[in-house]
2 protein chains.
Amino acid sequence: MKTRLKHLIHAVEGRFRPDLVLKGGRVLNVFSGEVGRIDVAVWKGFIVGLGDYDADRVIDATSKFILPGFIDSHMHIESSLLIPAEYARAALLHGTTTAVADPHEIANVLGKRGIRYMLEASEGLPFDFYFMLPSCVPASTLDTSGAALSASDLAVFMRHRRVIGLAEVMSYPEVLAAKPDMLAKLELFRGMVIDGHAPGLTGKDLAAYVCAGPSSDHECTSADEAREKLGLGMTVYVREGSAAKNLDALLPAVTPENSRFFCFATDDLFPEDLRMGGINRIIKKAVERGLDPVTAVRMATINPAVRFGLGGKGAIAPGYDADVAVVDNLRDFSVSMVLKKGRVVVKDGKVVVPVRAPRLTYASNTIKTATIRLRDFEVEAETDMVRVIGLIPDQIETEELIMPAPIKGGRICPDIERDILKLAVVERHHKTGNIGIGLVTGFGLKSGCLASSVSHDSHNIIAVGVSDEDIYRAVMEIIKMKGGMVVADRGRVVSRLPLPVAGLMSYNGIEFVVGSLTELEQAARSRGVITEHPFGVLSFLALPVVPKLRLTDKGLVDATTAERKGLFV
Amino acid sequence: MKTRLKHLIHAVEGRFRPDLVLKGGRVLNVFSGEVGRIDVAVWKGFIVGLGDYDADRVIDATSKFILPGFIDSHMHIESSLLIPAEYARAALLHGTTTAVADPHEIANVLGKRGIRYMLEASEGLPFDFYFMLPSCVPASTLDTSGAALSASDLAVFMRHRRVIGLAEVMSYPEVLAAKPDMLAKLELFRGMVIDGHAPGLTGKDLAAYVCAGPSSDHECTSADEAREKLGLGMTVYVREGSAAKNLDALLPAVTPENSRFFCFATDDLFPEDLRMGGINRIIKKAVERGLDPVTAVRMATINPAVRFGLGGKGAIAPGYDADVAVVDNLRDFSVSMVLKKGRVVVKDGKVVVPVRAPRLTYASNTIKTATIRLRDFEVEAETDMVRVIGLIPDQIETEELIMPAPIKGGRICPDIERDILKLAVVERHHKTGNIGIGLVTGFGLKSGCLASSVSHDSHNIIAVGVSDEDIYRAVMEIIKMKGGMVVADRGRVVSRLPLPVAGLMSYNGIEFVVGSLTELEQAARSRGVITEHPFGVLSFLALPVVPKLRLTDKGLVDATTAERKGLFV
């Protein structure tokens, strides 16, 4: 290491010829907030100089803007349905060079083995995945997860170079109740970064939660909520994901006085959104809405670098990693070139380097269900009023609706007229045979069934359909594929996407996955579905930690009170 | 620890009655940058709530401003001539509750034993001393220090709770030359905080220095210098010390865009200045010069807390340490009350709690000289032109002047008319018998001699006088006192201050030390001395790492080139 440092010093002093010079571009200095025309010299992966330089390889950056590679402050790789290498390949195209990932989904399926998979599968990529360790596996005892992670399980990974903290502490009721297991995790990570997740938490509850350790939040849905959290010292990650978009709501809270405590996060990006852009799209949208471009770039670079203590990241300055996003202008932030550790990795809209990861097989074959029968999905009508999960457009929160029960032949039966569909959650980790049945409105499905093994956070099999037969057929196909997504209709599989890695991720690239997903969504839309990302929406309906009404393999849950609810009122 | 956390959560939730409430004050929120009237509840040393609270002890803070206790980003306790407990007592009065100390001076005298002394002598105080480990002991091989510290010596202390990084890396030539010993220290502290010290360094040299690790600087003397350093990612500590004041020069560089990368530091505060104020005076002066008060307070609170990763410091927010400075207004920042870890430690201008430290004796008895004779101070004239150290008012930098030699009887002799005095540096660590002789102009001394064992960085005995006899008498008195400061005149000791701890610090409190120092300065002034802090100025004249001409026990040195210089030209 001393030799490396010595050579770096010599390189910056100009004793070595740079490998590469970006010439004539305007460089955004995240420290001063200034933008100025200056050459950027790169040597062995590092930025070694700003000034006049020559090199064998000179890249003309005239009329371009040179920004630090973008940092995604909080994201789940699994939401893209891609393995880390394929995610990296897709994100690099849009200038993201570093992401702080929470392998929460795979951990809920595979526990420690899932974390190990993510660490190993993200090794050696031209992209930096840092990991926050999942704090809430299982997210809840209201459903059945594949694994549980205690503080001592997490401790195994703490010294890994790319493990930097404790991921979103979602179980705020456990924090506020000072549950020993939760406190053990918070204590374990004292002095490291602890991310929060506290939608709607306010007042003394919020203050107590912050005291316990979590120092960020990416669940704010109003400017006032962001202001309160920031005022308590939380860094606010403005989330623009596929399922939840908070930029418009939060931007009024960002001021020159407090912008240093804001970052950007994608949280969950579905493949089709990841394909269209990542952090660069959030920056663009923020600037369109009136945010100063320099502030917006800082929220995607130096702010997260400081927040997470990522030395060498987040700035174009000597000694920093040569992670660079070259954009055409500071309006649309379209990325024309990306450097990662000094290598040109993206050029003319294409990834121009190999992005390979070891083929690891130990995260496959994870669907373990009891024998499923058609009649397992039947429910006898008990009363004539039922609880129905109501979807809210563009939010992952749901409503609890009380509606007249859709009954046919003494049994609960979907009512297509009123858009009340049957929802089922089938346990798939321990062969318990648990199946939760509920009702949902807002999908618009008129025929067939959608099913998926991607179903936060326990990733049991979830299915929404117009009949028990359709639901049964779809669920059986998921089991056969060892995980995936499917649209089935009247006994026939219409469209499918296998997700063999933990039932969550494909080995294929983003184009294949988007293609499959487009077909799946097409199949859903042609059957009346009105939500934009039906499999995304579906995937959150079993999540018992986000308000309000949810369905787990054990039945309906009021996430606000963490109480079981009957289907019948 | 889990129990502590559990109780803290319960306290914030309001289950326990706070110990103390500050009522009716206006609280400065360093996160939002806003100031608002709200009560502050304190429990077991922590802030547990902002809102409406009651407690058995209610302190009326109406019309007051409640700020986080101030953090001094870089300072040397030894410059106050006080041991840590006495420094703390003095600094608390002015609202400073935390200081990041570099025990560089005592380490130059006592090496590892000196660092241990500082750590132990600062334990258990109502004040937080964090330590950066001295990086450059000795500061130079151009003089003789008491000790040398290698990377492996420093490694011994790295896991101490209050050791947080590597202190000012002054030997930038060693960094730029990639000297293995220096690189070993920089590598050892990778991932921790490394403070820089690079006066005037610019361009590629500066960039190479920053790449090597140092990420702050407190030696900027112009706004342009600060801008260049900040633009490279350095945090700039605006220093207002006793010997060097840079606020006026640097304030133009502070903008709303970059102020997060600025902190305040006192570096070296002489006792009489410490008595008048500390960080609060810098804030006041900055606000008088036009800096926004909130920004100024942030530079003394959250900015250093973020920089140094001091969790729980730098903000008034639930879960943070109840380190609070209550000030009358945001103009003069006069401190009316101070809380440290929830205890009222300062009230009505008085420290109201005991401030005790263990009496440690292992840092005494450190003056070890060879036999000194009067004729050791004589210098035969070799040519008729000499190099003279020229003082620059309010700067620790000096000029190199070439002047006609003051000669009497074939020997170099002070010339009171031209204010050219004899300067001597007597080695006092290893009985080498080294004595360096030089000339200095700018003191104005007309009679007698000033001598001191406080003489950066090796703390040999330094003396400035109008005759060899006076110098001899003063040096002998220093030896007799086992360190200290003295004014002698025509064979008589006129005034003295013993500094038995490493020859640098007194066991007495600030009032005694200031009284003694006032007498010493009075004695100096009555003998014609024109510099404001003659013992302070004297103490920097042997420092071979700050430009330009210096005198060590081995002779004159050009600090710019690190070369020995002859007295004669």
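The shown structure was predicted, so the numbers you read here are calculated from the model rather than taken from an experiment.

### Considering the overall build of chain A
Looking only at helices and strands, chain A features 17 helices and 32 strands. The C-alpha radius of gyration computed for chain A amounts to 24 Å, which stays within 12% of the reference 25 Å derived for 569 residues, consistent with globular compactness. If one aligns the C-alpha atoms of chain A with their principal axes, the spans along those axes are about 85 × 50 × 45 Å. The burial tally for chain A puts 67% of its 569 residues in the buried class. Intrachain contacts of chain A at a sequence separation of at least 6 include 70% that bridge at least 24 residues. On chain A, roughly 18900 Å² of surface is accessible, and the fraction owed to carbon and sulfur atoms is 50%.

### Focus on the side chain of Thr 366 of chain B
Residue and element names in this part refer to chain B. With respect to the helices and strands, Thr 366 occurs in the loop between β19 (350-351) and β20 (385-391). The exposure class assigned to Thr 366 is buried, which follows from its relative accessible area of 5%. Only 3.5 Å separates the side chain of Thr 366 from the backbone oxygen of Ala 502, close enough to count as a polar contact. With residues up to four places along the chain from it excluded, the contact list for Thr 366 reads Val 109, Leu 110, Arg 428, Ala 502 and Gly 503.

### Overview of the sheet that holds strand β11 (residues 163-169) of chain A
Within a sheet, adjacent strands bond to each other through the backbone by hydrogen bonds, running parallel or antiparallel. Residues and elements named next belong to chain A. Spatially, the five strands line up as an open sheet ordered β8-β9-β10-β11-β12, and their pairing is parallel. The open sheet has two edge strands with one neighbour each: β8 (70-75) and β12 (193-196). Taking each pair of neighbouring strands and ignoring which way they run, the sheet shows an average axis angle of 30°. Here three bridges tie β11 to β12, and the two strands are oriented parallel to one another. Each residue of the ladder has a partner; that of Gly 165, found in β12, is Val 193.

### Considering the relation of the copies chain A and chain B
Mapping chain A onto chain B is achieved by rotating through 180° and translating by 0.0 Å along the same axis, at an RMSD of 0.0 Å. What the rotation and shift describe, once combined, is the action of a two-fold rotation axis. When C-alpha distances to the rotation axis are compared across chain A, the minimum falls at Pro 256 of chain A, with a value of 3.6 Å. Both copies present the same face, since 100% of the interface residues in chain A are matched by interface residues at the equivalent positions in chain B.

### A few points about helix α15 (residues 468-480) of chain B
All names here are of chain B. Over its 13 residues, α15 runs 18 Å from end to end, which matches the ideal 18 Å to within 8%, given 1.5 Å per residue. What α15 keeps buried is the set Asp 468, Asp 470, Ile 471, Ala 474, Val 475, Glu 477 and Ile 478. In this fold, the buried residues of α15 make contact with β24 (420-426), β26 (449-452), β27 (461-465), β28 (484-489) and β29 (492-498). Once α15 ends, the next one or two residues include Lys 482, with phi positive near 60°.

### Focus: the packing of aromatic side chains
Tallying each qualifying case throughout the model produces 17 aromatic pairs over all chains. In textbook terms, an aromatic cluster arises when at least three aromatic residues are bridged by ring pairs, as seen for Tyr 87, Phe 127, Phe 129 and Phe 131 of chain A. The residue whose ring lies beneath Arg 307 of chain B is Phe 308 of chain B, and the NZ or CZ to ring-centre distance is 5.7 Å.

### With respect to the pairing of strand β7 (residues 65-68) of chain A
Two elements, strand β2 (residues 26-29) of chain A and β7 of chain A, share two bridges in a ladder whose sense is parallel. Within β7 of chain A, the residue paired with Val 27 of chain A across the bridge is Ile 66 of chain A.

### So, the confidence of the model for chain A
Close reading of the predicted structure is inappropriate where its pLDDT is low. In the predicted model, chain A carries a mean pLDDT of 95, and the fraction of residues at 70 or more is 100%. Confidence estimates for the predicted assembly give a pTM of 0.92 and an ipTM of 0.91.

### With respect to the pairing of strand β10 (residues 128-133) of chain B
Residues and elements named next belong to chain B. Taken across its six residues, β10 has six buried, putting it largely inside the fold. Taking every second residue as pointing to the same face, both faces of β10 are buried, with Asp 128, Tyr 130 and Met 132 on one and Phe 129, Phe 131 and Leu 133 on the other. Relative to β10, strand β9 (residues 96-101) runs parallel, the two being bridged by four bridges. Within the sheet, the bridge partner assigned to Ala 101 lies in β10 and is Phe 131. Across three bridges, β10 lies against strand β11 (residues 163-169) in parallel orientation. Bridging across to β11, Leu 133 finds its partner in Leu 166.

### Considerations on the environment of Phe 308 of chain B
Summarising the element assignment, Phe 308 of chain B is placed in helix α14 (residues 302-308). Residues Phe 308 of chain B and Val 100 of chain B, spaced 208 residues apart in sequence, show a C-alpha to C-alpha distance of 8.8 Å.

### Focus on the side chain of Glu 219 of chain B
Residue and element names in this part refer to chain B. When you line up the elements, Glu 219 lands in the loop between β13 (216-217) and α9 (223-231). A relative accessible area of 4% means that Glu 219 is categorised as buried. Side-chain polar atoms of Glu 219 contact the side chain of His 218, separated by 3.5 Å. Look past the residues within four positions of Glu 219 in its chain and what remains in contact with it is His 197, Ala 198, Pro 199, Glu 225, Arg 239 and Asp 267.

### Quick word on the interface of chain A and chain B
The figure often quoted for interface size is the accessible area lost as the parts come together. With 48 residues of chain A in contact, the opposing surface of chain B contributes 48 residues. When the two sides are added together, the surface that chain A and chain B hide from each other amounts to roughly 4400 Å², 60% of it contributed by carbon and sulfur. Together, Phe 31, Cys 211 and Arg 260 of chain A form the three largest contributors to the area buried by chain A at its contact with chain B, with a combined 15%. Counting across the chain A and chain B interface gives four salt bridges. For Glu 187 of chain B, the salt bridge is made with Arg 4 of chain A, and the minimal N-O distance between the two is 3.9 Å. Between chain A and chain B we count six residue pairs in polar contact (both at pLDDT 80 or more) in total. Contributions of two or more residues to the side of chain A that touches chain B are made by α1 (2-12), α6 (172-176), α7 (180-188), α8 (203-211), α9 (223-231), α13 (293-299) and α14 (302-308) of chain A.

### What about unusual backbone geometry?
The phi torsion of most residues other than glycine is negative, and most of the peptide bonds are trans. His 456 of chain A connects to Asp 457 of chain A through a cis peptide bond whose omega is -10°. In this structure, Asp 457 of chain A sits in the loop between β26 (449-452) and β27 (461-465). The omega torsion across Pro 547 of chain B and Lys 548 of chain B is 5°, close enough to zero to call that bond cis. Residue placement: Lys 548 of chain B occurs in the loop between α17 (534-540) and β30 (549-552). In this structure, Ser 63 of chain B takes a positive phi of about 70° despite not being glycine.

Reading guide: rules and limits
- Residues numbered from 1 in each chain as written.
- Chains lettered and ligands numbered in written order.
- Predicted model: local features only at pLDDT ≥ 70, side-chain atom pairs only at ≥ 80, totals over all residues.
- Heavy atoms only, no water.
- Helix = DSSP H or I, 4+ residues; strand = E, 2+ residues; numbered from the N terminus.
- Rg over C-alpha atoms; globule rule 2.2 N^0.38 Å.
- Buried < 20%, exposed > 50% of the residue type's maximum accessible area, 1.4 Å probe, protein only.
- Contact = heavy atoms within 4.5 Å.
- Areas by Shrake-Rupley, 256 points an atom, 1.4 Å probe, with all protein chains shown as cover.
- Polar contact = N/O pair within 3.5 Å; in protein donor to acceptor, adjacent residues only side chain to side chain.
- Pairing = 2+ DSSP bridges.
- Axes fitted to C-alpha atoms, helices over the stretch in contact; angles between N-to-C directions.
- Least-squares fit on C-alpha atoms with pLDDT ≥ 70 in both.
- Expected span 1.5 Å × (residues − 1).
- Phe/Tyr/Trp six-rings, centres within 6.5 Å; stacked < 30°, edge-to-face > 60°.
- Lys NZ or Arg CZ within 6 Å of the ring centre and 35° of its normal.
- pLDDT = per-residue confidence, 0-100.
- Buried area = accessible area lost by both parts, 1.4 Å probe.
- Salt bridge = Lys/Arg side-chain N within 4 Å of Asp/Glu carboxyl O.

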